Amino acid sequence: MAVEASCHCGAVRITAAYAPTDINDCQCDHCQKRGVLWAYYSPRDVTVTGANSFYVWGDKRIRFHFCTVCGCTTHWTAVDPTRDRMAINARLLPREVMAGATIRESPGPR
Ligand SMILES: [Zn+2]
């Protein structure tokens, strides 16, 4: 069943084709400072609407998107368009959706 997430102000809305079962609490310094939890998907399974910008750092393989109004981190996308992977910030999902997933820590991106 599809799940929906939104930033704090509601300008950015994300629809994912199914609820995540596994969420990554990435322990890298960047994700820790952002306070995000990542749920991974194929870009084919996710729709994002609303104005957002992104930040790129390090090896510049990932765009970290955020709402241009309220600043919430919303998702990341791969710079390489052939990469079949992206993630949404699971903290933007409804609490009951989060409750159905297992949160695991990883030392870095997965
Ligand atoms: Zn917003």
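To start, this report covers the structure provided alongside it. (Residues numbered from 1 in each chain as written. Predicted model: local features only at pLDDT ≥ 70, side-chain atom pairs only at ≥ 80, totals over all residues. Heavy atoms only, no water.)

### Side note on the overall build of the protein chain
Worth spelling out the cut-off: Per the convention used, a helix needs a DSSP run of H or I reaching at least four residues, while a strand needs a run of E reaching at least two, with both numbered from the N terminus. The globule rule used for comparison is 2.2 Å times the number of residues to the exponent 0.38, while the radius of gyration itself is calculated over C-alpha atoms.
When helices and strands are counted, the protein chain shows two helices and ten strands. If you list the helices and strands of the protein chain from N to C, you get β-β-β-α-β-β-β-β-β-β-α-β. In terms of overall dimensions, the protein chain is globule-like: its C-alpha atoms have a radius of gyration of 13 Å, near the 13 Å expected for 110 residues. Taking the principal axes of its C-alpha atoms as reference, the protein chain extends roughly 35 × 30 × 30 Å.

### Some remarks on the side chain of Thr74
Here is the rule we go by: Any residue under 20% of the maximum accessible area for its type is buried, any over 50% is exposed, and the rest in between are partly exposed; the area is computed with a 1.4 Å probe on protein chains only. Two residues qualify as a contact provided that any one of their heavy atoms is within 4.5 Å of a heavy atom in the partner residue.
Position of Thr74 relative to the elements: it lies in strand 8 (residues 73–78). Under the relative-accessibility criterion, Thr74 is labelled buried at 0%. For Thr74, the residues in contact, after removing those within four places along its chain, are Cys7, Val12, Ile14, His65, Phe66, Cys67, Ile88, Asn89 and Leu92.

### Description of the packing of aromatic side chains
So the rule is basically this: Two rings belonging to Phe, Tyr or Trp (six-membered ring only in the last case) form a pair when the distance between their centres is within 6.5 Å. Interplanar angles under 30 degrees mark stacking, angles over 60 mark edge-to-face geometry, and anything in between is tilted. The criterion is that NZ of a Lys, or CZ of an Arg, lies within 6 Å of the ring centre and within 35 degrees of the ring normal, and then a charge sits over that ring.
Counted according to the given criterion, the structure contains three aromatic pairs. Both rings, one in Trp38 and one in Phe64, keep their centres 6.1 Å apart while their planes meet at 45°; by these two values the pair is tilted. Of the two residues, Trp38 is situated in strand 4 (residues 38–41) and Phe64 in strand 7 (residues 62–67); the sequence distance between them amounts to 26 residues. Taking relative accessible area as the criterion, Trp38 reaches 2% and is therefore assigned buried. For Phe64, a relative accessible area of 7% puts it in the buried group. Over the ring of Phe54 we find Arg63, and its NZ or CZ is 5.1 Å from the ring centre.

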